[in-house]
Amino acid sequence: MSTMNKILDFDEVSGSITCEAGCVLETLDDYLADKGYRMPLDLGAKGSCQIGGNVATNAGGSRFVRYGSLRNSILGMEFVLADGTIVDTLTSLKKDNTGYDLKQLMIGSEGTLGIITKLTISTPRRLPAVNAALLGLQSFEDVAKLLVEAKAGLGEILSAFEFMDLEAVELGLKHLHGVRDPFESRCKCYVLIETVGSNSTHDGEKLEGFLEKSFEAGTLVDGVIAQDKTQMDSFWALREGLPEALLKEGAHGTLKYDVSLPMKDFYALVTDTRQRLSQLPAATVGWGHIGDGNLHLNVAITQQGASEAVKAQMDPFLYEWVKSRRGSISAEHGLGLMKAEKIYYTKPKPAVDIMKLIKNALDPNGILNPHKVLPRS
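Just so we're clear, the structure is a prediction, and the values are computed from it rather than from any experiment.

Quick notes on the rules
Residues numbered from 1 in each chain as written. Predicted model: local features only at pLDDT ≥ 70, side-chain atom pairs only at ≥ 80, totals over all residues. Heavy atoms only, no water. Phe/Tyr/Trp six-rings, centres within 6.5 Å; stacked < 30°, edge-to-face > 60°. Helix = DSSP H or I, 4+ residues; strand = E, 2+ residues; numbered from the N terminus. Buried < 20%, exposed > 50% of the residue type's maximum accessible area, 1.4 Å probe, protein only. Disulfide = S-S within 2.5 Å. Arc of directions from axis to C-beta. Contact = heavy atoms within 4.5 Å. Axes fitted to C-alpha atoms, helices over the stretch in contact; angles between N-to-C directions. Parallel < 35°, antiparallel > 145°, perpendicular 65-115°, else oblique. Left-handed = near helix turned anticlockwise from the far one by under 90°. Nonpolar A, V, L, I, M, F, W, Y, C, P; charged D, E, K, R; others polar. Pairing = 2+ DSSP bridges. Salt bridge = Lys/Arg side-chain N within 4 Å of Asp/Glu carboxyl O.

(A) Representation of the packing of aromatic side chains within the structure. Overall, the coordinates contain 10 aromatic pairs when judged by the stated rule. Measuring from centroid to centroid gives 6.3 Å for F10 and Y31, while their planes differ by 85 degrees, and the two rings are edge-to-face. In this pair, F10 sits in strand β1 (residues 7-11) while Y31 sits in helix α1 (residues 25-33), placing the two residues 21 residues apart along the sequence. Under the relative-accessibility criterion, F10 is labelled buried at 12%. Counting every residue linked through ring pairs, the aromatic cluster contains F140, F163, F266 and Y267.

What follows is the structure in structure tokens.
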């Protein structure tokens, strides 16, 4: 698929780009930058991930709060079925209400229903005024309150709202080169806010006014607005470098969970997990895209031979915990092979049965990504 990496067309009026599925996300974004546009998706792995894989897994990322689901941005698609049939629905139309929207079946199907070969994507304008602030708070309740205030106070310019707990930040400061804490004293929770708009003076004043009100209300205890691109990049380096820091801390293994939860339960999972593993050599950290309720719960195993004991404490505890709160066991990473049997924690049997009917209709011999997504049982 990596050889299918051509950009086929770009419409500068509508902002739609047509490309092959092997195009790297960052390559597409760089191409669009010269045209005054940007990709609606942004990931830490943007330098290596391919757009076809992004769409097949319905990747989320840190700009979800601004641009929404990748599903909303896919206008057209060419895909190949298991029997070799090429289905060309490669349109750039934003309105087409004729029959079933087949591309939506492919999005998030992880390659189990067909192979995506080409895409037409609606892209937003790349606006010039970008601001970022790293903020310190004393409780997760304050983080949730700040999110509500940010949606109201920053409105249309809010582009990202990323959460990190103290333990995650300390992991980043310990293991990531060139990253430092801009605050004099540590806070229990950190939030990285980004705004994107068309007027730097207006947006800067709006962000400063919002932060001033939040300080006066007692929601914030510390905060720094990036003064230049270097400082802005350092804020993002901390947030996007956390997976790397986790691997360095978990020399004897890591457990990574990608879940969606109602906001009232968002951080309780981290607290309960930390308490459950308190007698084991394991570091529990939490971060995520709080703007869309997506928590990345991670456990670093810090002692040799402790892996099985830690895993025994987490499975099925975590899945049952998420199910009891009507959450999702996979917010953006998909089920793949390892979690296919766990699907019933999020989806009821009638829904899974319908998925199996679709799979059997499009891939009766089960040759496309076998044993992925759907349970064998």
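(B) Quick look at the state of the cysteines. With the rule as written, the count across this model stands at 0 disulfides. C23 supplies the cysteine sulfur nearest to C49, a cysteine that is in no disulfide, at a spacing of 12 Å. No disulfide involves C189; its sulfur sits 8.9 Å from that of C187, the nearest cysteine. Classification of C189 as buried rests on a relative accessible area of 4%.

(C) Focus on helix α10 (residues 268-276). Of the residues making up α10, those classed as buried are L269, V270 and T273. Angular distribution of buried residues about the axis of α10 spans 100 degrees; they occupy a single face of the element. Looking at the buried positions of α10, the neighbouring elements they touch are β7 (158-165), β10 (254-260), β11 (282-289), β12 (294-301), α11 (307-314) and α12 (317-324).

(D) Molecular detail of the packing of α10 against α12. In contact at an axis separation of 12 Å, α10 and α12 are set at 150 degrees when each is read in the N-to-C sense. Classed by the angle they form, the pair α10 and α12 counts as roughly antiparallel. Crossing of α10 over α12 shows right-handed handedness. On the side of α10, the interface is formed by A268, L269, D272, T273 and R276, while α12 contributes F317, L318, W321 and V322. Split by residue class, the contact of α10 with α12 holds 6 nonpolar, 1 polar and 2 charged.

(E) Structural context of the pairing of strand β6 (residues 129-137). Of all the 9 residues making up β6, 8 are buried; the element is thus mostly covered by neighbouring parts of the structure. Examined bridge by bridge, β6 and strand β8 (residues 189-197) share 9 bridges and lie antiparallel to one another. Bridging across to β8, A132 finds its partner in E194. Two elements, β6 and strand β9 (residues 222-225), share 4 bridges in a ladder whose sense is antiparallel. Its bridge partner being in β9, L135 is matched across the sheet by G223.

(F) Representation of the pattern of salt bridges. Here the structure, examined in full by the defined rule, presents 20 salt bridges. K46 is the partner of D42 in a salt bridge, and the nearest nitrogen-oxygen pair spans 3.7 Å. Its salt-bridge partner being E167, residue R274 comes within 3.5 Å of it at the nearest N-O pair. Placement of the pair is R274 in helix α10 and E167 in helix α6 (residues 166-175), with a sequence separation of 107 residues. Overall, the relative accessible area of 29% leaves E167 in the partly exposed class. Through salt bridges with shared partners, one network takes in D42, K46, R63, E194 and E240.

Note that every value here comes from positions in space, so none of it alone points to a role or purpose.
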